[in-house]
Amino acid sequence: MIEIVNLVKRYKTVKALNGVSFRVENGEMFAYLGPNGSGKTTTIRILTGLTKPTAGDAYLNGCHFERDSLKAKRQCGLVPQVINLDMELTVRENLDLHGRLFQMTSEERRARTDALLEYVELDDQCDRLVNHLSGGMKRRVMVARALLHAPEILFLDEPTVGLDPTIRRRIWSLLKKIQQAGTTIFLTTHYIEEAEFLADRVAFLDFGNIVQLDTPDNLKARIGEWALDKMVDGHMHTQYFPSREGAQAFIDQQQGSFSLRRVNLEDAFLTLTGKKVTADGSVAQVSTDHEPTAALLATGPDGP
Amino acid sequence: MRGWFPIYLREMLILRRKLLRQIASMSVSPILYLIAFGLGMGSDITIHGRSYLEFLIPGLVAMTSMVQAFAIATEINVARFYWGIFEEFQASPLSDPAYVTGEALAGITRAILSVLVVILIAFLSGVRLSYNLFFWLAVILNSFLFASLAIGLAMVVKSHADQSLLTNFVITPMAFLGGTFFPLDKMPIWVQSILKLLPLTPASEAIRASAYGQTPPGFPYLILTVLGCTLFGLAIKLVKKARD
């Protein structure tokens, strides 16, 4: 379990985290969703001991992240955003050194390395230099390395950034498998579909504040079930409806062509934060076109 | 202190992978200095009743062990800024003293390897010196001191370029002025006073005396030990500070 209490991080004049508090339950896959600079990586860096917070507390399976840092670190695995493998060493050597850092015995290291390389489907690559692997393979080595000491909590910072869709889906399957094995997973991403597909709960992070935190289904339900897109003067205009019938009735009263589809997590993010996360993780302000209909708003923030 | 071994092992695995290149690189400077200063300029010079080559070799040992121990800073910088491995260490249950111990031992190992290269070159040049226990103790203390300094400074610098600047300002002047190429007693008293403050000076003095088969004075060993331990402690503090 991860418990964060009023976590604050200031970098000189910039406030990266603004009193963030939440809890991640055992075995949960929790996604932190937000644009670049929203504080996602800062949170992971603090929880894994890479950055000191300005204020606040965090507990990893009951261990205080600073007062009991070595014990807390033993329970965590980290897959950072940037590939940080030893390029001049082989896959096996990278994993072996990691196991030694976590004080595993030689038998444990050998057995876990073999098992994990098979798990990430890289057992035929164990004696290759990491430098000679593809980007997707390196990512999978990083996942295997983070799991080597059997952590109870796995932190992944943008685990699929820069990967092609096929490899991304492969990593997603791997993460699902890891969660099914009982590991708590804390994931940051700016790929909305990644959070929607993987996470049990999602936190929308914006300028160091959690603006929404709920299951993907509940977050979507807050704005409606159906989305109606229409191009008006070159701009996409989207309206949300609690039911398909309601949307259809609206279309019948209008002229022009519409596209009717189910609401997705991106719609929820756009509407609830007023921002759009682009493919590269940067943020774009969206127009007020992305709003629930008056009828939907009348049903309150929890949706229809 | 548990956990230093993976840090040391990692440096050794990397060193092993490029061992021939490293040995070739370690040989270049001593060979050049030996040709230029020893065989070229110093062939007819005697210092304290010994040939200039006999004077120069212990100086080259002191200088080479300093340079190679300090070079661990470059490896740390590559791990920190280029590969990002330093964060893997920071996220593991590894104490700061264990990290510094692993890197310092790696620096000492590199230094010993480079000293063996110099000894081989000296042997091939016909110079016979005594490589006794005092000699190796001085080499190890000198390497420990400069490896600790390197680790501390590697935590302070913000880029590879900063590291080169530090090498230029710290190591290069010391290499020439720390009793390596000329006896300090030929210099004016006030210059001697300044040069004796350089950490390489007691190392050159101890290494030279023991290489001549004399019982070296204890004071240089004391200075090297105290300074080495101080820099080691400082390196631990700077590693802790580098966390953010």
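These figures come from a predicted structure and were not determined experimentally. (Residues numbered from 1 in each chain as written. Chains lettered and ligands numbered in written order. Predicted model: local features only at pLDDT ≥ 70, side-chain atom pairs only at ≥ 80, totals over all residues. Heavy atoms only, no water.)

Draft legend 1. The arrangement of the overall build of chain B in detail. For chain B, the helix and strand inventory stands at eleven helices and two strands. Ordered by position from N to C terminus, the α and β elements of chain B give α-α-β-β-α-α-α-α-α-α-α-α-α. For 244 residues, the compact-globule formula gives about 18 Å, and the C-alpha radius of gyration of chain B, at 18 Å, lands near that figure. Along the first, second and third principal axes, the C-alpha set of chain B runs to 60 × 40 × 35 Å. (Helix = DSSP H or I, 4+ residues; strand = E, 2+ residues; numbered from the N terminus. Rg over C-alpha atoms; globule rule 2.2 N^0.38 Å.)

Draft legend 2. Geometry of the interface of chain B and chain A. The interface is formed by 24 residues belonging to chain B together with 29 residues belonging to chain A. By the criterion of area lost to chain A, the three top residues of chain B are B:Trp83, B:Glu88 and B:Pro93, representing 27% of everything that side buries. Taken together, the connections running from chain B to chain A amount to six salt bridges. For the pair chain B and chain A, the number of links is seven residue pairs in polar contact (both at pLDDT 80 or more). (Contact = heavy atoms within 4.5 Å. Buried area = accessible area lost by both parts, 1.4 Å probe. Salt bridge = Lys/Arg side-chain N within 4 Å of Asp/Glu carboxyl O. Polar contact = N/O pair within 3.5 Å; in protein donor to acceptor, adjacent residues only side chain to side chain.)

Draft legend 3. Quick look at a nonpolar patch on the surface. On the surface, a nonpolar cluster with roughly 260 Å² of combined accessible area is contributed by B:Ile31, B:Ile35 and B:Leu39. As for its placement among the helices and strands, B:Leu39 is situated in helix H2 (residues 19–41). (Patch = residues over 30% accessible without salt bridge, like charges linked within 9 Å, V, L, I, M, F, W, Y side chains within 5 Å. Areas by Shrake-Rupley, 256 points an atom, 1.4 Å probe, with all protein chains shown as cover.)

Draft legend 4. Spotlight on the pairing of strand E11 (residues 226–232) of chain A. Residues and elements named next belong to chain A. As paired strands, E11 and strand E12 (residues 235–241) are joined by seven bridges and run antiparallel to one another. Paired with Met231 across the bridge in E12 is Met236. Between E11 and E12, which follow one another and run antiparallel, lie two residues, and Asp233 among them has a positive phi close to 50°. In this structure, E11 lies alongside strand E13 (residues 259–262), joined through four bridges in antiparallel fashion. Considered in E13, the bridge of Asp229 is made with Ser259. (Pairing = 2+ DSSP bridges.)

Draft legend 5. How the structure looks around the sheet that holds strand E9 (residues 201–206) of chain A. All names here are of chain A. Taken in spatial order, the six strands make up an open sheet running E6-E7-E8-E3-E9-E10, and their pairing is mixed. Strands with a single pairing partner mark the edges of an open sheet, and in this sheet they are strand E6 (76–79) and strand E10 (209–214). When strand polarity is set aside, the average angle formed by the axes of neighbouring strands in this sheet is 15°. Examined bridge by bridge, strand E3 (residues 29–33) and E9 share four bridges and lie parallel to one another. Each bridged residue has a counterpart across the sheet, and for Phe30 the counterpart in E9 is Arg201. Sheet strands touched by helix H1 (residues 40–47): E3, E6, strand E7 (153–157), strand E8 (184–189) and E9. Its angle to E8, the strand with the most contacts, is close to 145°. Sitting on the sheet, helix H10 (residues 265–273) touches E3, E9 and E10, and the angle it makes with E9 is about 40°. (Axes fitted to C-alpha atoms, helices over the stretch in contact; angles between N-to-C directions.)

Draft legend 6. Main features of the nonpolar core. Among the nonpolar cores identified, the biggest contains 126 residues, and A:Val202, A:Leu265, B:Tyr99, B:Phe146 and B:Ile151 are the most heavily contacted of them. Residue contributions to this core peak at 14 residues, all from helix H7 (residues 133–156) of chain B. Residue-level mapping places this core at the junction of two domains, with at least three residues from each of domain 1 (2–215) and domain 2 (218–297) of chain A. Non-local contacts of B:Ile151, meaning those with residues more than four positions away in its chain, are made with B:Ile72, B:Ile76, B:Tyr99, B:Val100, B:Glu103, B:Ala104, B:Ala235 and B:Val239. Formed by 26 residues, the second largest nonpolar core is a distinct cluster that contains A:Leu7, A:Tyr32, A:Phe65 and A:Leu205. (Core = buried A, V, L, I, M, F, W, Y, C linked by side-chain atoms within 4.5 Å. Buried < 20%, exposed > 50% of the residue type's maximum accessible area, 1.4 Å probe, protein only. Domains from an automatic or database assignment.)

Draft legend 7. Summary view of the domain arrangement of chain A. With domains assigned, chain A is organised as domain 1 (2–215) and domain 2 (218–297). Just the C-alpha atoms count here: the centres of domain 1 of chain A and domain 2 of chain A sit 33 Å apart.

Draft legend 8. Highlighting the sheet that holds strand E2 (residues 14–24) of chain A. Residue and element names in this part refer to chain A. In spatial order, the strands read E2-E1-E4-E5; together these four strands make up an open sheet with antiparallel pairing. Looking at which strands have only one partner, the edges of the open sheet turn out to be E2 and strand E5 (63–64). Against the sheet, H1 contacts strand E1 (2–11), E2 and strand E4 (55–60), and its axis sits at roughly 115° relative to E1.

Draft legend 9. Representation of the pattern of salt bridges within the structure. All told, the structure shown has 25 salt bridges over all chains when counted by the stated rule. Residue B:Glu54 pairs with B:Arg50 through a salt bridge whose shortest N-O separation is 4.0 Å. Classification of B:Arg50 as partly exposed rests on a relative accessible area of 23%. A salt bridge links B:Glu75 to B:Arg110, with the nearest nitrogen and oxygen atoms 3.5 Å apart. Taken together, the residues span a long stretch of sequence, with B:Glu75 in helix H4 (residues 72–82) and B:Arg110 in helix H6 (residues 96–124) at a distance of 35 residues. For the pair formed by B:Glu75 and B:Arg110, the shared burial category is buried. What emerges from the salt-bridge pattern is a single network uniting A:Glu88, B:Lys18, B:Glu75 and B:Arg110.

Draft legend 10. Spatial organisation of the packing of aromatic side chains. Enumeration over the complete set of coordinates arrives at 25 aromatic pairs over all chains. Here A:Phe241 and A:Phe250 contribute two aromatic rings whose centre-to-centre distance is 5.2 Å and whose plane-to-plane angle is 45°, an arrangement assigned as tilted. Classification of A:Phe250 as buried rests on a relative accessible area of 19%. Ring-pair connections join several aromatic residues into one group, and the members of that group are A:Phe22, A:Phe30, A:Tyr32, A:Phe155 and A:Phe186. The aromatic ring of A:Tyr119 is capped on one face by A:Lys177, whose charged end is 4.5 Å from the ring centroid. Above the face of the B:Phe55 ring, B:Arg208 is positioned so that its terminal group lies 3.6 Å from the ring centre. (Phe/Tyr/Trp six-rings, centres within 6.5 Å; stacked < 30°, edge-to-face > 60°. Lys NZ or Arg CZ within 6 Å of the ring centre and 35° of its normal.)

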